[in-house]
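Tertiary structure, described
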Amino acid sequence: MSMTGESWVTTTFDTLEDWAARNSFWPFPFGTACCAIEFMSTVSSHYDVSRFGAEVVRFSPRQSDVLLVAGTINDKMGPVLKKIYDQMAEPKWVISMGACACSGGFYRAYHVMQGIDEIIPVDVYVPGCPPTPEGLIYGILQLKEKVARDREHQRRMNRESKDQEKTQSVNTGAPTV
Ligand code: SF4
């Protein structure tokens with residue numbers, strides 16, 4: 001993105017789309033224990049997560065793009081968590097907040113999941129028991145960077161596959177679309 005003067009901006013559509021994607025998370029808080037209280041603190045006025053474009057909290061997986069798992073997940077809850085993840089549309093991301101969600105925490109017990117990555121992919125792990133609101137905000141900032149990197153990577157892959165198609169069609173004489 002380049003800025004010229006004070007009143008107008010020039011950019012490409014891709015850059016604009018990237019900027020919007022990484023600054024408009026709609027989190028679904030899957031809060032089961034004390035970590036959820038830290039999440040509430042993060043979205044409240046003192047920490048004000050809306051400064052980072054992530055305050056549109058939704059309790060419907062179909063309206064969310066970030067699954068924020070905050071708390072202990074026992075094996076009985078596993079299928080529920082997986083179903084909610086599956087119901088979210090792509091692109092979607094997962095933040096595992098706190099020691100319990102990341103690794104089972106201090107619950108070394110047969111009925112507690114030893115990390116939600118046993119059943120769903122995790123993009124960002126926020127450590128701590130409890131993790132601080134600052135820690136969660138840092139996690140959200142890390143996710144923004146990951147989204148930007150993933151989108152850039154996807155575009156590069158698309159360009160390369162188009163180039164390959166062109167090269168193949170030149171070699172074989174087949175028409176390109
Ligand atoms: S990590 Fe700590 S604060 Fe978070 S749910 Fe587990 S016990 Fe509670």
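As a starting point, this report considers the structure included with it.

Criteria and thresholds
- Throughout, a residue's number is its position along its own chain's written sequence, starting from 1.
- Given that the model is predicted, a residue must reach a pLDDT of at least 70 before its local features are reported, and side-chain atom pairs must reach 80 or more before they are shown or counted; all residues, however, enter totals for whole chains, interfaces and linings.
- Only runs of H or I of at least four residues qualify as helices and only runs of E of at least two qualify as strands under DSSP, and these elements are numbered from the N terminus.
- By definition here, a helix of n residues has an expected span of 1.5 Å times n minus one.
- The exposure label follows from counting other C-beta atoms within 10 Å of a residue's C-beta, where the C-beta atoms are placed from the backbone and the thresholds are 20 or more for buried and 12 or fewer for exposed, leaving partly exposed in between.
- Each residue gets a C-beta atom placed from its backbone, and two residues are in contact if those atoms lie within 7 Å.
- A pair of strands is treated as paired once DSSP finds two or more bridges between them.
- Axes here refer to lines fitted to C-alpha atoms; in helices the fit is confined to the stretch in contact. Angles between the N-to-C directions go from 0 to 180 degrees.
- Placing the C-beta atom from the backbone, one calls a residue near a molecule or strand if that atom lies within 6 Å of it.
- Basically, the charged four are Asp, Glu, Lys and Arg, the nonpolar ten are Ala, Val, Leu, Ile, Met, Phe, Trp, Tyr, Cys and Pro, and anything else, Gly included, counts as polar.
- In what follows, roughly perpendicular refers to angles from 65 to 115 degrees, roughly parallel to angles under 35, roughly antiparallel to angles over 145, and oblique to any angle outside these ranges.
- Handedness of a crossover is defined as follows: with both strands directed away from the viewer, a clockwise route from the first strand across the helix to the second makes it right-handed.
- Put simply, a nonpolar core is buried Ala, Val, Leu, Ile, Met, Phe, Trp, Tyr and Cys residues tied into one set by C-beta atoms within 7 Å.

Over its 40 residues, helix H5 (residues 133–172) extends 58 Å from the first C-alpha to the last, a length consistent with the 58 Å expected when each residue adds 1.5 Å. Restricting attention to buried positions, one finds in H5 the residues Leu136, Gly139, Ile140, Leu143 and Val147. Against helix H1 (13–22), helix H2 (34–43), strand E5 (93–97) and strand E6 (124–126) lie the buried residues of H5. Once H5 finishes, glycine 173 follows within two positions and takes phi at roughly 80°, a positive value.

Below, the discussion takes up the sheet that holds strand E3 (residues 27–31). The four strands lie next to each other as E3-E4-E5-E6, forming an open sheet whose pairing is parallel. Looking at the sheet topology across the chains shown, the edges are occupied by E3 and E6. Mean inter-strand twist for the sheet, computed between neighbouring axes without regard to direction, equals 20°. Examined bridge by bridge, E3 and strand E4 (residues 66–70) share five bridges and lie parallel to one another. Pairing of glycine 31 across the sheet is with alanine 70, part of E4. With respect to the sheet, H2 is in contact with E3, E4 and E5, its orientation differing from that of E3 by roughly 145°.

We now examine the site of the ligand. The full set of residues close to the ligand is Ala33, Cys34, Cys35, Gly71, Thr72, Gly98, Ala99, Cys100, Gly105, Cys129 and Pro130. Elements that contribute at least two residues to the shell around the ligand include exactly H2 and helix H4 (98–103). It is H4 that provides the largest number of residues to the shell around the ligand, a total of three residues. Among the residues forming the shell around the ligand, the class breakdown is seven nonpolar, four polar and no charged.

At a closest axis distance of 9 Å, the pairing of H2 and H5 adopts a crossing angle of 75°. Judged on the interaxial angle alone, H5 and H2 are roughly perpendicular. Judged by residue contacts, Glu38, Phe39, Ser41 and Thr42 of H2 engage Pro133, Leu136 and Ile137 from H5.

Glancing now at the environment of methionine 88. Relative to the assigned elements, methionine 88 resides in the loop between helix H3 (78–87) and E5. Sequence separation of methionine 88 and threonine 42 is 46 residues, and the distance between their C-alpha atoms is 23 Å. With sequence-adjacent residues up to four places away left out, methionine 88 is seen in contact with Pro61, Ser64, Asp65 and Leu67.

A large share of E5 lies buried, amounting to four of its five residues. One ladder, built from five bridges, connects E4 with E5; its direction is parallel. Among the inter-strand pairings, valine 66 is bridged to a residue of E5, identified as tryptophan 93. For the crossover from E4 across H3 to E5, the handedness is right-handed. Across three bridges, E5 lies against E6 in parallel orientation. What sits directly across from isoleucine 95, in E6, is valine 124. Once you follow E5 into H4 and on to E6, the crossover reads as right-handed.

The next thing to look at is the nonpolar core. Counting residues in each nonpolar core, the largest one holds 31 residues, and the members touching the most others are Leu67, Leu68, Val69, Ala70, Ile95, Met97 and Ala101. Those elements that place two or more of their residues in this core are E3, H2, E4, E5, H4, E6 and H5. No other element matches the five residues that E4 contributes to this core. Not counting residues within four places of it along the chain, the set of residues in contact with leucine 67 comprises Phe28, Phe30, Ile84, Tyr85, Met88, Lys92 and Val94.

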